[in-house]
Amino acid sequence: MTACGLPSDKPADDTPPAPAPPTTMVIFGATGDLAARKLLPALYNLATRDLLPDAFTVVGVGRKPMSDDEYRQKVREDVSEHAATPVDDKCWAWFVERLVYAFEPLDDESSYQSLSARLDEVEHGDGDTPRGRLFYLATPPDAMSDIIAHLGAVGLTREPSPERWRRVIVEKPFGHDLASAQALNQQLRGVLEERQIYRIDHYLGKETVQNLMAFRFANGIFEPIWNRRYIDHVQITVAETVGVEDRGGYYDKAGALRDMVQNHLFQLLALTAMEPPISFRADDVRDERVRVLHAIHLCSPDEVRRRVVRGQYAAGTESADDVRGYRDEPKVAADSTTETFVAMKMLIENWRWADVPFYLRTGKRLEKRVSEIAVQFRRPPMRLFGTAPGEMVPNDLIIRIQPDEGISLHFQAKVPGTRSTLGTVEMSFDYADYFSATPATGYETLLYDCMHGDPTLFHRADMVEAGWDVVAPILELMTTTPRDGLFDYPAGSWGPTEAETLLARDGRTWRVP
Ligand code: BG6
């Protein structure tokens, strides 16, 4: 049983993980979408699993006037809608006592001084147990700089003792290009040590993404073939069926390259291509991930034209319903050239991966919601079964990130009968069949790790900058010739046909997930 009185899904012999240390978590942007859909539900999910300490308070900071009770009511509704399990009254009673709201206009230093006083008061009420403070910046990107500067100015980032640690989680997008990311990093380092900065990427909190490391490095059989001798190419797909919803204002300035590729897709690529780390210490793992990003070939303008396809969804369908095109979405410019789809070919210039293309694609309003990494192996060197070379079906290994998390291997088998005919068969592992894991938002692990001071699954400054470095030539071309390489695709399709051509030129096709 957990502290909340819920039955635990852990086997009896499993040593339960320790709860997080005493923490006050301050959420800037407490009434926003991210807090409502992900952060508060994730915290509640942690509470149901007994992973929050008794000395714990969430201080929601917002510019909307609201009482503690109104805030609690709002959070109850958000948690009911987005938590992993139906809200349990006993657990909720524990959780709600630890929620307070601070209405602060955040426009000058006095706001931060009054916030500081409120935090002291909250912690004093708890008998002054020494607590760490976690500041979560769930705010629009243009508000971040100001908040960081003020936190530093009023001394809220100073650490009086090891138990009274101070950490800041910074949401993406982390800058909008290399120069702005460098400026933001510099500003953060002006008030915080690197070890206090947690740049979050919720893809790294997903179980199957973390499982990539277990799959590669806890098994002896895959690593010997995980290289250019055996692997023909890799396809990374992150496809969504949703459009931009009500985020047009943000998205029209960002686009798929900044919103998805520079962070989530590059991390999937890094975990797929990295060398084995010498240990699982945070910096050993992060060193290997960043090395991959540094090894990505930087494209010339001509290579960008040949290797990158951008798309924008036009009117079409989603689950048989008619949906409008991107340029008709609210808060999107009628002549917008922002891409909602990107497909690209990338090359990693190192000993292991030279000449093995990594094809990446992501988009909104695609045919199916699916995220996966498909590793395609080389065809056998000789044709013994009478099929023409082009018809030989290569083996592929599919790592399914969502939905239906799992791993499948496709290989050839003889079709029963007197003829030597081959058929493709599948060996498949489904997470759900093996582990009774509770569904999660992806933020649970990351919040828990941050409270424990484990930055392994967070970005380091050099990783963010390396990602921006890789997309810089693409951004450059998008700025100078915004319509070049941008094609419409009907909502509900797999993107513009030019994305197919990208692979067809190399004699390959996208996998149909
Ligand atoms: C976010 C992007 O980081 O990831 C969104 O800003 C996108 O545009 C979302 O929809 C996808 O996350 P998930 O977990 O639903 O695959």
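Up top is the structure.
Here is what the cut-offs are and how they apply
- Residues numbered from 1 in each chain as written.
- Predicted model: local features only at pLDDT ≥ 70, side-chain atom pairs only at ≥ 80, totals over all residues.
- Heavy atoms only, no water.
- Buried < 20%, exposed > 50% of the residue type's maximum accessible area, 1.4 Å probe, protein only.
- Helix = DSSP H or I, 4+ residues; strand = E, 2+ residues; numbered from the N terminus.
- Right-handed = clockwise from strand over helix to strand, strands pointing away.
- Pairing = 2+ DSSP bridges.
- Contact = heavy atoms within 4.5 Å.
- Axes fitted to C-alpha atoms, helices over the stretch in contact; angles between N-to-C directions.
- Parallel < 35°, antiparallel > 145°, perpendicular 65-115°, else oblique.
- Left-handed = near helix turned anticlockwise from the far one by under 90°.
- Nonpolar A, V, L, I, M, F, W, Y, C, P; charged D, E, K, R; others polar.
- Near = heavy atom within 4 Å.
- Polar contact = N/O pair within 3.5 Å; in protein donor to acceptor, adjacent residues only side chain to side chain.
- Areas by Shrake-Rupley, 256 points an atom, 1.4 Å probe, with all protein chains shown as cover.
- Expected span 1.5 Å × (residues − 1).
- Arc of directions from axis to C-beta.

### Re the pairing of strand β5 (residues 166-170)
So, point 1. For β5, a buried count of five out of five residues is recorded, marking the element as mostly surrounded by other parts of the structure.
So, point 2. Alternating positions in β5 separate into two faces, Arg 166, Val 168 and Val 170 on one and Arg 167 and Ile 169 on the other, with burial throughout.
So, point 3. After leaving strand β4 (residues 132-137), the chain enters helix α5 (residues 141-153) and then returns to the sheet as β5, a path that is right-handed.
So, point 4. Bridge count between β5 and strand β6 (residues 197-199): three bridges; the pairing is parallel. Each residue of the ladder has a partner; that of Val 168, found in β6, is Ile 197.
So, point 5. For the handedness criterion, the β-α-β arrangement of β5, helix α6 (residues 178-191) and β6 is classed as right-handed.

### Some remarks on the side chain of His 150
So, point 1. Inspection of the secondary structure assignment puts His 150 in helix α5.
So, point 2. For His 150, the residues in contact, after removing those within four places along its chain, are Asp 108, Glu 109 and Tyr 112.

### Side note on the packing of helix α9 (residues 282-295) against helix α13 (residues 461-480)
So, point 1. At a closest axis distance of 9 Å, the pairing of α9 and α13 adopts a crossing angle of 15°. Taken together, α9 and α13 sit at an angle that is classed as roughly parallel. For α9 against α13, the interelement crossing comes out left-handed. Where α9 abuts α13, its residues Arg 286, Arg 289, Val 290, Leu 293 and His 294 lie against Asp 462, Met 463, Ala 466, Gly 467 and Val 470.
So, point 2. Grouping the amino acids of the contact of α9 with α13 by side-chain chemistry returns five nonpolar, two polar and three charged.

### A few points about unusual backbone geometry
So, point 1. Following Lys 172, the chain continues to Pro 173 via a peptide bond in cis, the omega torsion being 5°.
So, point 2. When you line up the elements, Pro 173 lands in the loop between β5 and α6.
So, point 3. With an omega dihedral of -20°, the bond running from Gln 402 to Pro 403 counts as a cis peptide bond.
So, point 4. Relative to the helices and strands, Pro 403 resides in the loop between β14 (396-402) and β15 (406-414).
So, point 5. Unlike most non-glycine residues, Glu 245 shows phi in positive territory, near 55°.
So, point 6. Within the element layout of this structure, Glu 245 appears in the loop between β7 (231-239) and α8 (248-273).
So, point 7. Given a relative accessible area of 45%, Glu 245 falls into the partly exposed group.
So, point 8. Positive phi outside glycine occurs at Lys 331, with the angle close to 65°.
So, point 9. Along the chain, Lys 331 turns up in the loop between β10 (321-323) and β11 (341-347).

### Thoughts on the site of the ligand
So, point 1. Every residue near the ligand is listed here: Lys 172, His 202, Tyr 203, Lys 206, Glu 240, Arg 247, Asp 259, Met 260, His 264, Lys 364 and Gln 402.
So, point 2. For the ligand, an oxygen atom lies 2.6 Å from a polar atom in the side chain of Asp 259.
So, point 3. Contact with the protein chains hides 83% of the accessible area of the ligand, taken as 390 Å² for the molecule alone.

### So, α6
So, point 1. Here α6 contains 14 residues, and its C-alpha end-to-end distance of 21 Å stays within 8% of the 20 Å for a straight helix at 1.5 Å per residue.
So, point 2. Those residues of α6 not exposed but buried are Ser 180, Ala 181, Leu 184, Asn 185 and Leu 188. Buried residues in α6, looked at end-on, bunch into an arc of 140°, giving them a common side. Among the exposed residues of α6, those oriented more than 90 degrees off its buried face are Ala 179, Gln 186 and Gly 190.

### As for the pairing of β4
So, point 1. Burial within β4 is extensive, with six of its six residues counted as buried.
So, point 2. Along β4, one buried face is formed by Gly 132, Leu 134 and Tyr 136 and the opposite face, lined by Arg 133, Phe 135 and Leu 137, is buried too.
So, point 3. Where strand β1 (residues 23-28) meets β4, six bridges bridge the pair, whose relative direction is parallel. Bridge pairing links Phe 28 to Leu 137 in β4.
So, point 4. As defined by bridge partners, β4 adjoins β5 across five bridges and the pair is classed as parallel.

### Concerning helix α12 (residues 443-452)
So, point 1. Across the ten residues that make up α12, a large majority, eight, are buried.
So, point 2. Among the residues of α12, those classed as buried are Tyr 443, Glu 444, Leu 446, Leu 447, Tyr 448, Asp 449, Cys 450 and Met 451.
So, point 3. One or two positions beyond α12, positive phi appears at Gly 453, with a value near 80°.

### Here's the deal with the side chain of Arg 508
So, point 1. Positionally, Arg 508 belongs in the segment after α14 (497-504).
So, point 2. When its relative accessible area of 17% is taken as the criterion, Arg 508 is described as buried.
So, point 3. Among the polar contacts made by the side chain of Arg 508, one reaches the side chain of Asp 232 at a distance of 2.8 Å.
So, point 4. Excluding anything up to four places from it in sequence, Arg 508 contacts Asp 232, His 233, Pro 357, Tyr 359 and Leu 503.

### Looking at the packing of α8 against α13
So, point 1. Interhelical geometry of α8 versus α13 gives an angle of 145° and a closest axis separation of 10 Å. Regarding α8 and α13, the two cross each other, and that crossing is right-handed. Contact with α8, carried on its side by Leu 257, Arg 258, Gln 262 and Phe 266, involves Val 464, Gly 467, Trp 468, Val 470, Val 471, Ile 474, Leu 475 and Met 478 of α13 and no other residues of that element.
So, point 2. When grouped by side-chain class, the residues that make up the contact of α8 with α13 number nine nonpolar, two polar and one charged.

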